[in-house]
Amino acid sequence: MKGKLTKGTIGTLVFLLLISAAGTLAIMPAHAAPTTIEVINPLNGSHDFNFSSDTTSVGSQFVVNVTVKDVMDLQNWQISLAWNDTLLDFVEITLPSDHVFVGASRAMIQGPPINNPGNVIWGCTYINTAPFKYWTFNGTGTLCQIKLQIKQGGVPQVSSALAIAGLGSDTFLIDGQSHDIQFTPVFGNYVYRTPQGAVPVRNVAIAKLDPMNTVVAPGFMFNVTVTAENRGNFTETFNVSVYVNSSPVGPAQTVENLASGQKAELLFIWYTQGYAIGNYTLSAVADVVPDDIDPSDNTATDTIHVIFAGDVNGDGTVDMRDVQILLFAWNAHSGDPRWNPYADMNADNRVDLRDLGLTLVNFLKKAP
Ligand SMILES: [Ca+2]
Ligand SMILES: [Ca+2]
Ligand SMILES: [Ca+2]
């Protein structure tokens, strides 16, 4: 009978529905493996980053892969990685050439990384330029690579988790429908060993002696910046002094708990009042620590010329020749092609009205 379903046709339909349901079930994954975000050592595929002071020095760098495993429908990610900032320094974060969105028409970094001591946060999404061609990332792949630098060692070892923040904080995975994808973070383990029997190396040094100028007239505050460095392999506390010939420039300053490989900048101020015209040896001295393997790098020296204010050319008289030389260096500071250290007599790293004023005050006077 037309227009009416017979028992036979109902049976066929039920059968077809069952087949179709079974088919649908068959193509659904039984239960996908749980998604993880893992910190992986690209050199060996493990979660371990093991270094030893006899093969890897403080200051060396290494790469950490942040990898997503068994993800479905990924459209947007952000990760937050944390570490012990007394042991490791951040260098950079990049997308590797085979990152997860490399198959999308366009991957977009969502901004510069947010980098605080011991932590970096970064993310990436993609845009499909063809709106009807839906693309998603499925499976396992690298999100980003982070380069870290070894900052400090220790006996017998130091260690830090390389920790991915969990769901609900600064790490997330978003799917094509803007939903959070559940995931489990898997940390990396960083260890830096100083093998038993390895001799502790002690060596403090003056890395840089940086006076404001090499020339100054009497009566000015003359800034001297000193960079001290710990070139040994354990933390040091030591004094740094600055001298003009044998006279100390202010009290010694103490550098406290300077970690291996680290530098400390100190400012000393020399008041030049009362110093006779002539050449002086400026020196910065780091106290030699016990067993300092290289006492020669504990001292750095420079020569400072104390000149009669206004006598730019040093011929003993302040006259138009000095004004002319000074005007040629007008507004210059160190590094400029026109820079002339003799024109900056108040040692503030600029040739300006202050220096011209000194020349005019002593105009046509002779040096004592
Ligand atoms: Ca030394
Ligand atoms: Ca002169
Ligand atoms: Ca000046």
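Residues numbered from 1 in each chain as written. Chains lettered and ligands numbered in written order. Predicted model: local features only at pLDDT ≥ 70, side-chain atom pairs only at ≥ 80, totals over all residues.

**Concerning the overall build of the protein**
So, point 1. For the protein, the helix and strand inventory stands at 3 helices and 21 strands.
So, point 2. Here the protein holds 368 residues, and 28% of them are scored as buried.
So, point 3. Excluding contacts between residues fewer than 6 apart, the proportion of contacts in the protein whose partners are at least 24 apart in sequence is 74%. (Helix = DSSP H or I, 4+ residues; strand = E, 2+ residues; numbered from the N terminus. Buried ≥ 20, exposed ≤ 12 C-beta atoms within 10 Å, placed from the backbone. Contact = placed C-beta atoms within 7 Å.)

**Observations regarding the sheet that holds strand S13 (residues 204–211)**
So, point 1. Strand order in the open sheet made by the 3 strands is S13-S15-S19, with antiparallel pairing throughout. For this open sheet the edge positions go to S13 and strand S19 (263–271), each flanked by a neighbour on one side alone. The sheet shows a mean angle of 25° between the axes of neighbouring strands, direction not considered. (Pairing = 2+ DSSP bridges. Axes fitted to C-alpha atoms, helices over the stretch in contact; angles between N-to-C directions.)

**Some details on the environment of Asp 344**
So, point 1. For Asp 344, the location among the structural elements is in the loop between helix H2 (320–328) and helix H3 (353–361).
So, point 2. Asp 344 sits in the buried class, given 27 other C-beta atoms within 10 Å.
So, point 3. Between the alpha carbons of Asp 344 and Ala 329 there is a distance of 9.0 Å; along the sequence they are 15 residues apart.
So, point 4. Once you skip the residues sitting within four places of it in the chain, Asp 344 turns out to touch Asn 213, Val 215, Asn 349, Arg 350, Val 351 and Asp 355.

**Things to note about the nonpolar core**
So, point 1. Among the nonpolar cores identified, the biggest contains 35 residues, and Val 216, Ala 217 and Val 226 are the most heavily contacted of them.
So, point 2. Those elements giving two or more residues to this core turn out to be S13, strand S14 (215–216), strand S15 (221–230), strand S16 (236–244), S19, strand S20 (278–286) and strand S21 (299–306).
So, point 3. Here this core takes 4 residues from S15, the largest share from any one element.
So, point 4. In this structure, this core is formed jointly by two domains, domain 2 (199–306) and domain 3 (308–368), each of which donates at least three residues.
So, point 5. If we skip the residues at most four places from it in the chain, Val 216 touches Phe 222, Thr 272, Ile 304, Val 306, Met 345 and Ala 347. (Core = buried A, V, L, I, M, F, W, Y, C linked by C-beta atoms within 7 Å. Domains from an automatic or database assignment.)

**Description of H3**
So, point 1. When we look at burial in H3, the residues that qualify are Asp 355, Leu 358 and Thr 359. Looking down the long axis of H3, one finds its buried residues gathered within 100° of arc, a one-sided arrangement. Opposite the buried face of H3, by more than 90 degrees, sit the exposed residues Leu 353, Leu 360 and Val 361.
So, point 2. Looking at the buried side of H3, the elements it contacts are H2. (Arc of directions from axis to C-beta.)

**Focus on unusual backbone geometry**
So, point 1. A positive phi angle is found at Asp 70, which is not glycine, with a value near 55°.
So, point 2. Asp 70 sits in the partly exposed class, given 13 other C-beta atoms within 10 Å.
So, point 3. Non-glycine residue Ala 347 carries a positive phi angle of around 55°.
So, point 4. If you trace the backbone, Ala 347 turns up in the loop between H2 and H3.

**Notes on the environment of Gln 78**
So, point 1. By secondary structure assignment, the location of Gln 78 is in strand S3 (residues 61–82).
So, point 2. Look at Gln 78 and you get partly exposed, because 18 C-beta atoms sit within 10 Å.
So, point 3. Once you skip the residues sitting within four places of it in the chain, Gln 78 turns out to touch Ile 121, Trp 122, Gly 123, Asp 170, Thr 171 and Phe 172.

**Some points on the packing of H2 against H3**
So, point 1. For the pair H2 and H3, interaxial distance at closest approach is 10 Å and the crossing angle is 175°. Between H2 and H3, the interaxial angle falls into the category roughly antiparallel. On H3, the residues touching Asp 322, Val 323 and Leu 326 of H2 are Asp 355, Leu 356 and Thr 359. (Parallel < 35°, antiparallel > 145°, perpendicular 65-115°, else oblique.)

**Comments concerning the pairing of strand S1 (residues 36–40)**
So, point 1. Sheet topology note: the S1/strand S11 (residues 184–186) ladder contains 3 bridges and is parallel. Note that in S11 the partner of Ile 37 across the bridge is Pro 185.
So, point 2. Across 5 bridges, the pairing between S1 and S3 is antiparallel. Counterpart to Ile 37 in the pairing with S3 is Val 68.

**Structural notes on the environment of Phe 187**
So, point 1. Tracing the chain through its elements places Phe 187 in the loop between S11 and strand S12 (188–193).
So, point 2. As a C-alpha pair, Phe 187 and Ile 40 span 147 residues in sequence and 8.4 Å in three-dimensional space.
So, point 3. Non-local contacts of Phe 187, meaning those with residues more than four positions away in its chain, are made with Val 39, His 47, Ala 161, Leu 162, Ala 163 and Ile 164.

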